[in-house]
Amino acid sequence: MSASEIEITAAEWLRRSEEPEWSVADQAALDAWLGESMAHKAAYWRLEHGWRMADRIRALGPSTGPAPRTAHRWPAWRYGALAASLCAVILSASLLRLERPRAAPAAVARFDTRVGGHSVVPLPDGSRIELNTGTRLRTNISERGREVWLDRGEAYFEVAHREGLTFVVHAGPRTVTVLGTKFSVRRDGDIVHVAVVEGRVRIDDSARDAPAASAIVTRGDVALAQGDSTLVTTRSIERVEGDLAWREGRLAFDRTTLAAAAAEFNRYNRVQIAVTDPAVASIRIGGTFQAANVEAFVRLLQEAYGLKVQRNGDRITISG
Amino acid sequence: MVDDEALKRWFCQEVLPLEGSLMAFIRRNWRESGEVVDLRQDIYERVLNGARHALPEHATAYVYTIARNHLINCAKRSRIVSFDLVADLDEAYQSVEIFHPERQLLARDELKRAYTGLDQVPARCREVVRLRKVEGLSTRETANRLNIGIDTVEKQTTLGMRALVDFMLGGSGKVRRPESRGRNRQRGWS
């Protein structure tokens, strides 16, 4: 493969990694491709770095594209596109006024982390967001409103208080509204999990206006929302902090089933743990582990619990 | 061994800012302009392979030495090497200072450059990149918005990405299109 062919392939990977369909399996395939040769890494890292530098153009905002050098030579399709984007801007503005956008309108900035990744994003309003593994979110922060769409994954929010200006997190079927607080939102498809460290937040059903569907969650509470129901449990602040151990690259388990613990590890690593035996899957375990250290966890299962461990490439099977 | 994350960080912070100088150096010492990009990527590969064991302290001198050795080796291999080329290269070695990292761009400069770079690419490519970067649209959403095929958006994104990255790193912002495209279609885009 010539250098330009490698560059084109690398650009394809980079483009695909930004798509909403990007999966853990895709990430594994990309990692494998990168692992094939240093030339692949050189091409991919270079593109990724330069492409991130170009993120500055987000500052232009959705309504102001670069001025055309020769406007009269624009092909007709551009006028259509321009009209379409104007429509979209007007449409999203009216949705915002209704305060209940159904679909995410054009967002100003987009951030993501890959499997095992962790990054901190400072926002222009002084708030900050910490993204956990395999997370994608979009932000639209302005004088008029502050909105975040959590497309997938988990994030911890420290919201700067702004008088009268709410901070809204859209997490699929739920909308979380706050004034200034510290909390995390995790989204596994349609299941939304909210843990509050400080202050209080309101959780609404994204699809309905009924205030009856609202739940207020305060410090030390954990809310689990799925379908029509939102379950709020009061936990000790230590438990909430356990939920947020990922911020230090740790996973904290307390009487957690082995199946759930394995699923947690799988969120952070390419190596995937499978627990085949139902009796083994329901064993409850506790402790704190480095999220990236699957080996230490598996060794513990083997030595302390006497479980059988089978390795096959990137798959580790645990049985009794 | 240096882990991938540290290697990548070093590559982005210490090596990529040298790209403008590196390209100028290759161009000055290589006659076949069509091979410049390939040479640059070969040099990057060698730079990374060498740094994998321990990160070099002086990135500039290190990259320069690898670039120079690589050019001399390629010149020897191609058998059309003129004595002048090697002599030039030796002379150039005396002046490592021609190799300097681009100063850290301020946010404002970066925006300006991204803006100018975007203005360089063909119109359709520019619109696709703008929708993606500024409005955060996915490929599918962009295709719907512009009412064009998904594969067209994919190709335009890849092309725009390569051109814009080249420009951001101090290049001209012009990249070679994939070979399979006909000339007529190319003309139709710009």
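Parameters and conventions
- Residues numbered from 1 in each chain as written.
- Chains lettered and ligands numbered in written order.
- Predicted model: local features only at pLDDT ≥ 70, side-chain atom pairs only at ≥ 80, totals over all residues.
- Pairing = 2+ DSSP bridges.
- Helix = DSSP H or I, 4+ residues; strand = E, 2+ residues; numbered from the N terminus.
- Axes fitted to C-alpha atoms, helices over the stretch in contact; angles between N-to-C directions.
- Parallel < 35°, antiparallel > 145°, perpendicular 65-115°, else oblique.
- Contact = placed C-beta atoms within 7 Å.
- Nonpolar A, V, L, I, M, F, W, Y, C, P; charged D, E, K, R; others polar.
- Left-handed = near helix turned anticlockwise from the far one by under 90°.
- Core = buried A, V, L, I, M, F, W, Y, C linked by C-beta atoms within 7 Å.
- Buried ≥ 20, exposed ≤ 12 C-beta atoms within 10 Å, placed from the backbone.
- Arc of directions from axis to C-beta.

Novice: Just give me the short version of the sheet that holds strand 17 (residues 308-312) of chain A, but keep the residues and values in it.
Specialist: All names here are of chain A. Strand order in the open sheet made by the three strands is 15-18-17, with mixed pairing throughout. Here the strands that pair on one side only, and so sit at the sheet edges, are strand 15 (272-275) and strand 17. Across the sheet, the mean angle from the axis of one strand to that of its neighbour is 25 degrees, orientation sign disregarded. Bridge count between strand 15 and strand 18 (residues 315-319): four bridges; the pairing is parallel.

Novice: Lay out the packing of helix 3 (residues 38-53) of chain A against helix 3 (residues 36-51) of chain B with the relevant residues and their values.
Specialist: Where helix 3 of chain A meets helix 3 of chain B, the axes come as close as 8 Å, and the angle between the chain directions of the two elements is 110 degrees. As summarised for this structure, helix 3 of chain A and helix 3 of chain B are arranged roughly perpendicular, according to the angle between their axes. On helix 3 of chain B, the residues touching Met38(A), Ala39(A), Lys41(A), Ala42(A), Ala43(A) and Arg46(A) of helix 3 of chain A are Gln41(B), Tyr44(B), Glu45(B), Leu48(B) and Asn49(B). By residue class, the composition of the contact of helix 3 of chain A with helix 3 of chain B is six nonpolar, two polar and three charged.

Novice: Account for the packing of helix 1 (residues 4-15) of chain B against helix 3 of chain B, naming residues and giving values.
Specialist: Residue and element names in this part refer to chain B. For the pair helix 1 and helix 3, interaxial distance at closest approach is 11 Å and the crossing angle is 130 degrees. On the basis of the axis angle, helix 1 is oblique to helix 3. Classified by chirality, the crossing of helix 3 by helix 1 is right-handed. Facing Leu7, Trp10, Phe11 and Val15 of helix 1, the residues of helix 3 in contact are Val47, Leu48 and Ala51. Here the contact of helix 1 with helix 3 is built from residues that sort into seven nonpolar, no polar and no charged.

Novice: Can you break down the nonpolar core residue by residue, with the values?
Specialist: Counting residues in hydrophobic clusters, the biggest one holds 52 residues, and the most contacted among them are Leu47(A), Val47(B), Val63(B), Ala67(B), Leu164(B) and Met168(B). The contacts of Val47(B), once residues within four sequence positions are left out, are Val15(B), Val63(B) and Ile66(B). Listed in part, the 28 residues of the second largest apolar core include Trp149(A), Val194(A), Val201(A) and Val217(A).

Novice: How would you sum up unusual backbone geometry? Please name residues and give values.
Specialist: Residues and elements named next belong to chain B. Even without being glycine, asparagine 147 reaches a positive phi, approximately 55 degrees. Note on placement: asparagine 147 falls in the loop between helix 8 (139-146) and helix 9 (150-168). Looking at asparagine 147, the number of C-beta atoms within 10 Å reads 10, which means it is exposed.

Novice: I'd like a description of helix 8 of chain B, backed by residues and values.
Specialist: Residues separated by three or four positions in an α-helix point in the same direction, a consequence of the helix having 3.6 residues per turn. All names here are of chain B. All of the buried residues in helix 8 are Thr139, Thr142, Arg145 and Leu146. Along the axis of helix 8, the buried residues cluster in a sector spanning 125 degrees; they form a single face. Just downstream of helix 8 lies asparagine 147, where phi reads positive at about 55 degrees.

So yeah, pure geometry; function would need other evidence.
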